[in-house]
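The residues making up each chain are set out below.
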Amino acid sequence: MSALLEIDGVSKAYGGVQALSACSLDVAEGTITGLIGPNGSGKTTLFNVVTGYEHVNVGAVRYRGRAITNHAPDQVFKLGIGRTFQLTRIFARLTLMENMLVATQHHEGWARSMVRRGSSAGERRRALELLEFVGLAGHAGEAAGTLSYGQRKLLELAYVLIADPEVLLLDEPAGGINPSLIHYITERIRELNRQGRTFLVVEHNMEFVMGLCERVTVMHQGCVIVSGTPHEVRADPRVLDAYLGGADDEEEGAGAA
Amino acid sequence: MLPRAAGLGLLLLGLGALPLVLSNPTYTSIAIFTLIYMTAATSWNTFAGYSGYIPLGHVVFFGSGAYTLAVAAQDWHLVGGYGMFLLIPLAGLVAGLLALPFGLVALRTRRHTFVVITIAIMFIFQLLAFNLGVTNGSSGIQIPTPLWPAATFNDPFYYITLGILILAVATSWFVRRSRFGLQLLAIRDDEDRARGLGVRTGRVKLTAFVISAIPVGMVGAMYAYFIGQIFPQFAFDPLFDVSVALMVFFGGLGTVAGPLLGAVVLEPLQQYLTLQFSIGDLYLIIYGVVFLAVILLMPRGVVPSTRDWLRARRTGRPDAPEVEGDTDRAAEVAAHTGSPT
Ligand SMILES: Nc1ncnc2c1ncn2[C@@H]1O[C@H](COP(=O)(O)OP(=O)(O)OP(=O)(O)O)[C@@H](O)[C@H]1O
Ligand SMILES: [Mg+2]
């Protein structure tokens, strides 16, 4: 049996900082896997390596058994791996609708994109459906830069979804968002998971992670230290150690126990 | 949509009738230079306005187009006349082909580095024009002059330049509406993010760069033919890009109408100042003042500022949201953009 996404012994250093050291992690198809760990434990770096934003010399990333190590971001995306960013990245001067349409090109050749209109009626309908899904349809014609922080997170999720990725890597989808919106995002992720999508979610909000994820993996200083059900992880003393002892810059999300 | 189409039709009609109204060759000459700059500004904006990259080396395409016509006329012993205009597509082709290696090198960099690299490449070409045998160095090349009656001498130049301008504006408009244009705008806002959404950023940028070079090469050839001689210091004048960029910033970067407006205002002004005071560089001072005024008063350019102002008046709402999104949303919006983790 092999996992949908396999990360195998990946190491990454920035100067003297070992952001990832022989980090291995499997994500099974159809699951929602949580990825937690103190600040600076390498979670975002791991996402960057998987999605082609960072290159590694050691280790491998496989998707459906196929090596995708050091593939470019556009190639990784076309294979069906979408992601959101910890500091949300939207196209601020484009409208929400235009933001939605950026990722729709992945079905077509480059020459075709030159001669066709910005979008087809079908694509716009789909874009509107997804905006509806995240509750932003009413803002479709507005510049994305006018959205609030939480709305940006939702827009980023929606415009990734339009390309129909099989796996979604979400980097702190609930970070800095008010509680009612967090609940809303949880529901959206559950629904997408029911439709068969696989999730790997980085989050500091323990309530969110423990409530949503079937499996939780804990990282510490660039390595995976524990992997298991939320219950197991919560009970594991190594996790508590990592949060209480390991990190220099501790934060409130550490209330794991 | 209809008033816009009607406005466009009227504009075209007016431009088409202009030589009939302005029979004085001095004025039609100014009109031809203005059309040349309208085309150059429009094409420059097709790349710079949509992608957010600011190149200051488009004079390379202008000069190459000019020399293509001059050298071809010389080597093939052409005589002045309508036939020479057939060299203009060739000039566009040469400019487009040069834009490939130019873009491949320059587009590996971004922002300030990109600007500096394009300037550096521009100086390399200027140096080549001074020193290569084919350009005849600083003694320049004479271009055969057509034997047309003086009264209507300028008209063919005017109408063919107008044709190139229409081509450039149509291209700019189609790019803006196409999927390709959307990808360029996404690159402008966050290139790495666009890449992560499957946009092949390298190809998209390079294609836009080549597309923006072609009409510039064509009007370069037109310029050379109209002037009747060509020298390296004029064909590869570093101030060309400064003028073009200023026209675009004045009218509105990233809009279709902005570059046209900028060129219509600034190029006749330059020609007038040069003719009136016979000081060739006086316009530089005026340009400097205009540039400062635009940056301070309307940092997004005249067209977007006016459009927002009109919309706000009509709806009675201050700063109504941008629906089409083709104008540069102000820095206040850009300031909220997230940066890479
Ligand atoms: N581009 C970079 N250059 C230098 N160091 C980096 C870079 N990116 C990450 N690091 C370092 O690598 C380590 C891991 O960072 P990373 O962002 O992956 O942590 P994280 O687990 O996502 O933390 P957080 O929970 O705060 O988001 C940190 O020590 C960080 O300072
Ligand atoms: Mg992080």
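## Considerations on the site of ligand 1
Residue and element names in this part refer to chain A.
Piece 1. Taken together, the neighbourhood of ligand 1 is formed by 13 residues, with Asn39, Lys43, Thr44, Thr45 and His204 sitting nearest.
Piece 2. Here glycine 40 contributes a backbone N or O atom positioned 2.9 Å from an oxygen atom of ligand 1.
Piece 3. Here an oxygen atom of ligand 1 sits 2.5 Å away from a polar atom, N or O, in the side chain of threonine 45.
Piece 4. Relative to its unbound accessible surface of 630 Å², ligand 1 loses 65% to contact with the protein.

## A word on empty space enclosed by the protein
Residue and element names in this part refer to chain A.
Piece 1. Within the structure shown, the criterion is met by 3 cavities of 30 Å³ or more.
Piece 2. Here the second largest cavity is characterised by a volume of approximately 70 Å³.
Piece 3. If you go around the second largest cavity, the residues you meet are Thr84, Phe85, Lys153, Leu154, Glu156, Leu157, Leu170, Asp171, Pro173 and Ile185.
Piece 4. Counting only elements with at least two residues in the lining of the second largest cavity, the list comes to helix 6 (149-161) and strand 7 (167-171).
Piece 5. Counting residues per element, the lining of the second largest cavity draws most heavily on helix 6, at 4 residues.
Piece 6. Taken together, the residues that form the lining of the second largest cavity break down as 6 nonpolar, 1 polar and 3 charged.
Piece 7. When residues of the lining of the second largest cavity are assigned to domains, at least three map to each of domain 1 (1-80 + 168-257) and domain 2 (86-164).

## Observations regarding the side chain of lysine 43 of chain A
Residues and elements named next belong to chain A.
Piece 1. Of note, lysine 43 is situated in helix 1 (residues 43-50).
Piece 2. The buried charged residue lysine 43 lacks any salt bridge partner; its closest oppositely charged side chain belongs to glutamate 172, at an N-O distance of 5.2 Å.
Piece 3. A distance of 3.0 Å separates a polar atom in the side chain of lysine 43 from the backbone oxygen of glycine 37.
Piece 4. Apart from residues lying up to four places away in sequence, lysine 43 is in contact with Leu35, Ile36, Gly37, Pro38, Val202, His204 and Met219.

## Quick look at the coordination of the magnesium ion (ligand 2)
Residues and elements named next belong to chain A.
Piece 1. Within the first shell, the magnesium ion (ligand 2) binds the protein through Thr44 (OG1) and Gln86 (OE1), at distances of 1.8 to 2.1 Å. Of this pair, threonine 44 sits in helix 1 while glutamine 86 sits in the loop between strand 6 (81-83) and helix 3 (96-102), placing them 42 residues apart in sequence.
Piece 2. The exposure class assigned to threonine 44 is buried, which follows from its relative accessible area of 15%.
Piece 3. According to the relative accessible area criterion, glutamine 86 is partly exposed, its value standing at 23%.

## Notes on the confidence of the model for chain A
Piece 1. In this model, chain A carries an average pLDDT of 84, and 89% of its residues clear a pLDDT of 70 or more.
Piece 2. Confidence over residues 247-257 of chain A falls short of pLDDT 50; this stretch has 15 contacts with residues more than four positions distant or in other chains.

Criteria and thresholds
One numbering rule holds for all chains: residues counted from 1, following each sequence as written. For this description, chains carry letters from A and ligands carry numbers from 1, given in the order in which they are written. Side-chain atom pairs in this predicted model are given and counted only at pLDDT of 80 or more, local residue features only at pLDDT of at least 70, and totals for whole chains, interfaces and linings cover all residues. Calculation of side-chain values draws on the structure's entire complement of heavy atoms; hydrogens and water are dropped beforehand. Throughout, the term near means that a residue has one or more heavy atoms lying within 4 Å of the molecule or strand in question. We call two N or O atoms a polar contact when they sit within 3.5 Å, provided that within protein one can donate a hydrogen and the other can accept it, with sequence-adjacent residues counted only if both atoms are side-chain atoms. Residue exposure ignores everything except the shown protein chains as possible cover, and the areas themselves are Shrake-Rupley values with a 1.4 Å probe. Put plainly, a pocket is an open set of points on a 1 Å grid over the protein atoms alone with protein on both sides within 12 Å along at least five of seven lines, a cavity is a set where a 1.4 Å probe fits but cannot get out, and a lining residue has an atom within 4 Å of a point. Grid points are joined across faces, edges and corners, and a volume is the space filled by probe spheres set on the points. Under the scheme used here, helices are H or I runs from DSSP no shorter than 4 residues and strands are E runs no shorter than 2 residues, and both carry numbers assigned from the N terminus. In the scheme used here, Gly and all other residues not listed as nonpolar or charged are polar, with Ala, Val, Leu, Ile, Met, Phe, Trp, Tyr, Cys and Pro taken as nonpolar and Asp, Glu, Lys and Arg as charged. Where a domain begins and ends is set by an automatic assignment or by a domain database. Whether a residue is buried, partly exposed or exposed follows from its accessible area with a 1.4 Å probe, protein chains only, as a fraction of its type maximum: under 20%, in between, or over 50%, in that order. Positive charges are assigned to Lys and Arg, negative charges to Asp and Glu, while His and the chain termini are left out of the count. Every case where a carboxyl oxygen of Asp or Glu lies within 4 Å of a side-chain nitrogen of Lys or Arg is listed as a salt bridge. A contact between two residues is defined here by any heavy atoms of the two lying within 4.5 Å. A donor here means an N, O or S atom no more than 2.8 Å from the metal, or no more than 3.2 Å when the metal is Na, K or Ca. Since water is not included, a site may seem to lack partners. A residue's pLDDT is the predictor's confidence in that residue, given on a scale from 0 to 100.

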